[in-house]
Amino acid sequence: MSPTPIILFASLLVVVHAGYVPDACMNCICDVETNCRMPDPLCHMDGGSPSCGPFQLKRAYWLDARLKGGDLMNDWQKCAASWTCSRQCVDGYMERYAVRSRLGHNPTCEDFSRIHNGGPNGFKMAATLAYWERVKKCLVGGPGLYQVQQHVKNHTTLG
């Protein structure tokens, strides 16, 4: 076989890679938050402030994520309404907070999940353990996993 198909295949792998948070973990966080559906209405009140989009992003989360994730559409709610930008936002937030220097180890899906749920120090808060258990159930093939995979597959090229 000539090297050209191998080079083409390798370049396709780079395009498919989702980002800092592994796809399975990202998909399960989305599943736990909204069954990985775009909410209608986009935002709802949660803990005294609005949470928006499939990952239930708060404005403060989006602002923090911009420090690592770029401009993120320069608008928190527009970003939350975009599948692509929402995922980039979660990646940016995790690139800032789910790092070896803060955690003392390489980040795991448990760290990503608990930080997403509890903020920068969520990885060490007992209050985020139940959230992690829900994400872990999804990771091992619990209810909704197939739905998440199909939904993300159908919507990762949008927005």
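To keep things clear, this report deals only with the structure shown in the data block. (Residues numbered from 1 in each chain as written. Predicted model: local features only at pLDDT ≥ 70, side-chain atom pairs only at ≥ 80, totals over all residues. Heavy atoms only, no water.)

1. What to know about the overall build of the protein chain
Of the regular secondary structure elements, the protein chain holds nine helices and two strands. Ordering the α and β elements of the protein chain from the N terminus gives α-α-β-β-α-α-α-α-α-α-α. In the protein chain, which comprises 159 residues, the proportion classed as buried is 39%. Taking all contacts inside the protein chain whose residues are at least 6 apart in sequence as the whole, residues at least 24 apart take part in 53%. Summed over all atoms, the accessible surface of the protein chain reaches about 8800 Å², with 58% contributed by carbon and sulfur. (Helix = DSSP H or I, 4+ residues; strand = E, 2+ residues; numbered from the N terminus. Buried < 20%, exposed > 50% of the residue type's maximum accessible area, 1.4 Å probe, protein only. Contact = heavy atoms within 4.5 Å. Areas by Shrake-Rupley, 256 points an atom, 1.4 Å probe, with all protein chains shown as cover.)

2. Details of the state of the cysteines
Inspection of every chain in the model, using the stated rule, returns five disulfides. Covalently, Cys-25 is tied to Cys-109 through a disulfide, its sulfur atoms 2.2 Å apart. Judged by the torsion about the S-S bond (90 degrees), the Cys-25/Cys-109 disulfide is right-handed. Placement of Cys-25 in helix 2 (residues 23-34) and of Cys-109 in helix 7 (residues 109-118) is noted, with a sequence separation of 84 residues between them. Since its relative accessible area comes to 16%, Cys-109 is described here as buried. At a sulfur-sulfur separation of 2.1 Å, the disulfide partner of Cys-28 is Cys-138. Here the disulfide of Cys-28 and Cys-138 is left-handed, its torsion about the S-S bond being about -75 degrees. (Disulfide = S-S within 2.5 Å.)

3. Some words on the packing of helix 3 (residues 59-69) against helix 5 (residues 83-97)
Packed helices, taken two at a time, are described by their axes: the angle between them and the distance between them. At a closest axis distance of 7 Å, the pairing of helix 3 and helix 5 adopts a crossing angle of 75 degrees. Considering their axes alone, helix 3 and helix 5 lie roughly perpendicular with respect to each other. Each of Tyr-61, Trp-62, Asp-64, Ala-65, Leu-67, Lys-68 and Gly-69 in helix 3 lies in contact with helix 5, whose residues at this interface are Cys-89, Val-90, Gly-92, Tyr-93, Met-94, Glu-95, Arg-96 and Tyr-97. Looking at the contact of helix 3 with helix 5 residue by residue, the class counts come to nine nonpolar, two polar and four charged. (Axes fitted to C-alpha atoms, helices over the stretch in contact; angles between N-to-C directions. Parallel < 35°, antiparallel > 145°, perpendicular 65-115°, else oblique. Nonpolar A, V, L, I, M, F, W, Y, C, P; charged D, E, K, R; others polar.)

4. A look at the nonpolar core
The biggest cluster of nonpolar side chains holds 35 residues, and the ones touching the most others in it are Leu-57, Cys-89, Val-90, Met-94, Ile-115 and Val-135. Breaking this core down by element, the ones donating at least two residues are helix 2, helix 3, helix 4 (76-80), helix 5, helix 7 and helix 8 (129-139). Looking at this core, the element that brings in the most residues is helix 5, giving seven residues. (Core = buried A, V, L, I, M, F, W, Y, C linked by side-chain atoms within 4.5 Å.)

5. Concerning the packing of aromatic side chains
Counted by the stated rule, this structure contains three aromatic pairs. Between the aromatic rings of Tyr-20 and Phe-112, the centroid separation amounts to 5.7 Å while the plane-to-plane angle is 75 degrees, which identifies the pairing as edge-to-face. With Tyr-20 in the loop between helix 1 (3-16) and helix 2 and Phe-112 in helix 7, the pair connects residues that are 92 residues apart, well separated along the chain. Judged by its relative accessible area of 31%, Tyr-20 is partly exposed. Taken together, the ring pairs in this structure connect Tyr-61, Tyr-93 and Tyr-97 into an aromatic cluster. (Phe/Tyr/Trp six-rings, centres within 6.5 Å; stacked < 30°, edge-to-face > 60°.)

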